[in-house]
Amino acid sequence: MPYTAKKPTRARSSEELRAAIPGWGVDLDPKDRPSVPKEQFDPTLNGARWDFPERQEEKWPRERSIEHKFLTPVFGTSTPPKGLSGVIRKYSYKKYSEGRAAHWLLLLAADRVDAVEHHLRSFVSLRPDNPITQTGVLSEFSRHGITSRIGKKRVDVNHQWIDPLLVGGPWLVAGGLGVAAVRRLMRLRRT
Amino acid sequence: MRAMVYRGPYKIRVEEKDIPPIEHPNDAIVRVTTAAICGSDLHLFHGMMPDTRVGMTFGHEFVGVVEQVGSSVQNLKPGDRVMVPFNVYCGTCYFCARGLYSNCHNVNANATAVGGIYGYSHTCGGYDGGQAEYVRVPFADIGPSLIPEWMDEEDAVLLTDALATGYFGAQLGDIVEGDTVVVFGAGPVGLFAAKSSWLMGAGRVIVIDHLEYRLEKARTFAHAETYNFAEYDDIVVEMKKATDYLGADVVIDAVGAEADGNFLQHVTSSKFKLQGGSPIALNWAIDAVRKGGTVSVVGAYGPMFSAVKFGDALNKGLTLRMNQAPVKRQWPRLFDHIRNGYLKPSDIVTHRIPLEHIAEGYHIFSAKLDNCIKPLILPAAN
Ligand SMILES: NC(=O)c1ccc[n+]([C@@H]2O[C@H](COP(=O)([O-])OP(=O)(O)OC[C@H]3O[C@@H](n4cnc5c(N)ncnc54)[C@H](O)[C@@H]3O)[C@@H](O)[C@H]2O)c1
Ligand SMILES: [Zn+2]
Ligand SMILES: [Zn+2]
């Protein structure tokens, strides 16, 4: 078809579609679409009996975005900031708004530090981290790891090999350093 | 109680934790009976979301039984079977009063650019989630609904996110009768978006992915035409050919931050976190839609910058629409559609995994093994 004003002709008419597909067109009228229009003002919509909610007790100094006027009345209480990662997180919240890349990059850095801190701590606990069980890779054997990938034209196999390196790499390096340190100690002893 | 716990990128385990206490008069504590893993959880699992802390319990899709309620709770009582939307929200702030529950201003101290989400990092409020035996549910009078007698538990858990999000994504497309709708991503969200597009009167629905088994589901479950982008040199050109070189009227991005199809984009964002998300599918959407058309984005992106082809969006005069889904707003209409037999959400569930084996559940879903589309987590099946 040349470039003209017509809409391309449809393969199937509305009547055909209605007959073929359960529920075709039941929400054709935008009035039947719950999120149309985007904003629908109704302050009693949710049956709330408060104008502003009661405040949840702040049991430790809760980090917050400096783009907020105050600590929100309700907030999550999972995993308070701790250790070096906690220091980095608190600094990032206090110093940078959400508009600054530094805010997010510091938080990501803190996440990596947090993981290392916890791995180290786990080695002196009764339950050391185990990258094999914790990554779930054993399911590769029970859930068709090979046939799920081979001959499938999947494009994600071109980077999946990176995952074991990203996850296992630091453990191998740490293990290698550990072995080297022990060897050096033994050699020092012998001399 | 037993709970899934994050241990660093690609690592989780199940731990013994205290049952969460009531922290606010309008809290409830819910005993989880069925939870699910969402594509969004994979972004956390892969360490992409800033301020994801070791020790956090994930899970924003769950249903269960009310165990305990705070002193101001009126709409729920212990023993009630409830479904809980993935949004934590207050019901009365500027945004909630306008129906934007996913953008609540009163529940996320950590950020103003996103609302509250259960088990979704501190960037989304620092709430522990529902991949556990018990979970704290703030604003118990606002978010949760009783599960209707006639509704299956598995349909209910899919309503807490995936179905509501897919349906919302189709609405963001502002589909008019006869429109050609292209959906990138044949995961749970994409499948539901494709299916919902028909309800809104689409004339053609095309689903794109690279996983053949998911495209198969798109054909059978969502009655869609499908394209495997791995089979084409350039999927955008293919979409132009399929639409007489005009482009699609509406394109929905149901892929988000970890899109595949371009090694460099994927690796810089998903593996090395140098971008807020790999915008491959979003860029394809911008290029595959017709001029003046609408791109609906429900695939999730992180708070950092991404390399989006903004010039094309401008020069084509596109409408870009997007949000986290305000879940409960979708429910009355979706309840009707399920009751009338137009939607059967649990048809996409492929795996039911005891909480104790959740690490394998994450790996299966993340690596797309065993034809996995939607894994459910069963805390009581241990
Ligand atoms: N806006 C919201 O409220 C909301 C709610 C839930 C989920 N999400 C987001 O929606 C997205 C999808 O969620 P899901 O549970 O379906 O996840 P999923 O991981 O199961 O599905 C994503 C699909 O996209 C495919 N894909 C990857 N790259 C692609 C590309 N370039 N083109 C086409 N397809 C591609 C994958 O193969 C996969 O099948 C995620 O980003 C998730 O975070 C958003
Ligand atoms: Zn989700
Ligand atoms: Zn609110």
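Structure: above.
Criteria and cut-off values
- Residues numbered from 1 in each chain as written.
- Chains lettered and ligands numbered in written order.
- Predicted model: local features only at pLDDT ≥ 70, side-chain atom pairs only at ≥ 80, totals over all residues.
- Heavy atoms only, no water.
- Helix = DSSP H or I, 4+ residues; strand = E, 2+ residues; numbered from the N terminus.
- Buried < 20%, exposed > 50% of the residue type's maximum accessible area, 1.4 Å probe, protein only.
- Polar contact = N/O pair within 3.5 Å; in protein donor to acceptor, adjacent residues only side chain to side chain.
- Donors = N, O, S within 2.8 Å, 3.2 Å for Na, K, Ca; no water.
- Tetrahedral: all angles 85-135°; square planar, octahedral: opposite > 155°, others 65-115°.
- Near = heavy atom within 4 Å.
- Areas by Shrake-Rupley, 256 points an atom, 1.4 Å probe, with all protein chains shown as cover.
- Domains from an automatic or database assignment.
- Core = buried A, V, L, I, M, F, W, Y, C linked by side-chain atoms within 4.5 Å.
- Salt bridge = Lys/Arg side-chain N within 4 Å of Asp/Glu carboxyl O.

Some points on the side chain of Arg136 of chain B
Within the element layout of this structure, Arg136 of chain B appears in strand β8 (residues 134-137). Exposure remark for Arg136 of chain B: the relative accessible area of 8% places this residue in the buried category. Among the polar contacts listed, one links the side chain of Arg136 of chain B to the side chain of Gln56 of chain A, at a separation of 2.9 Å. In terms of polar contacts, Arg136 of chain B uses its side chain to reach the side chain of Asp27 of chain B, at 2.7 Å.

Re the coordination of the zinc ion (ligand 3)
Residue and element names in this part refer to chain B. Protein coordination of the zinc ion (ligand 3) is provided by Cys90 (SG), Cys93 (SG), Cys96 (SG) and Cys104 (SG), with donor distances spanning 2.3 to 2.5 Å. Coordination at the zinc ion (ligand 3) is tetrahedral, judged from the 4 donor atoms that bind it and the angles of 103 to 115° they form at the metal. Expressed as a motif, the donor residue spacing for the zinc ion (ligand 3) is C-x2-C-x2-C-x7-C. Residue Cys93 is located in the loop between β6 (87-88) and β7 (116-117), and its partner Cys104 is located in the loop between β6 and β7; the two are separated by 11 residues in the primary sequence. Residue Cys93 is classed as buried on the basis of its relative accessible area, which comes to 7%.

Details of the site of ligand 1
Residue and element names in this part refer to chain B. Close to ligand 1 lie 32 residues; Ser40, Asp209, Arg214, Asp260 and Val298 are nearest. With respect to ligand 1, the backbone of Pro188 contributes an N or O atom lying 3.1 Å from an oxygen atom. A distance of 2.8 Å is found between an oxygen atom of ligand 1 and a backbone nitrogen or oxygen belonging to Ala325. Taken by itself ligand 1 offers 860 Å² of open surface, and the protein chains cover 96% of this. When contributions to the shell around ligand 1 are tallied by element, the ones reaching two or more residues are α1 (39-45), α4 (188-199) and β11 (204-209). It is α1 that provides the largest number of residues to the shell around ligand 1, a total of 3 residues. The two domains that each donate at least three residues to the shell around ligand 1 are domain 1 (2-161 + 326-381) and domain 2 (166-322).

Topic: the coordination of the zinc ion (ligand 2)
All names here are of chain B. At 1.8 to 2.2 Å from the zinc ion (ligand 2) lie its protein donor atoms, namely Cys38 (SG), His60 (NE2) and Asp161 (OD). Along the chain, the residues donating to the zinc ion (ligand 2) fall in the pattern C-x21-H-x100-D. Placement of His60 in the loop between α1 and β4 (62-69) and of Asp161 in the loop between α2 (153-159) and α3 (162-172) is noted, with a sequence separation of 101 residues between them. According to the relative accessible area criterion, Asp161 is buried, its value standing at 5%.

With respect to the nonpolar core
All names here are of chain B. Membership of the largest hydrophobic core comes to 114 residues, with the highest contact counts inside it found for Met83, Leu159, Ile358 and Tyr362. Shared between two domains, this core takes at least three residues from each, and those domains are domain 1 (2-161 + 326-381) and domain 2 (166-322). In terms of nonpolar packing, the next biggest core, distinct from the first, is built from 26 residues, Ile208, Val236, Ile280 and Val297 among them.

Looking at the pattern of salt bridges
Close approach of charged atoms allows side chains with opposite charge to pair. What the rule picks out here adds up to 40 salt bridges over all chains. Its salt-bridge partner being Lys7 of chain A, residue Asp179 of chain B comes within 3.2 Å of it at the nearest N-O pair. In this pair, Asp179 of chain B is assigned in the loop between α3 and β10 (180-184) and Lys7 of chain A in the segment before α1 (14-20), connecting two distinct chains. Among the residues examined, Lys7 of chain A registers a relative accessible area of 48% and is labelled partly exposed. Two residues, Lys271 of chain B and Asp163 of chain A, come together in a salt bridge whose shortest N-O distance is 2.7 Å.

Read these as layout, nothing more, since geometry by itself doesn't imply function.
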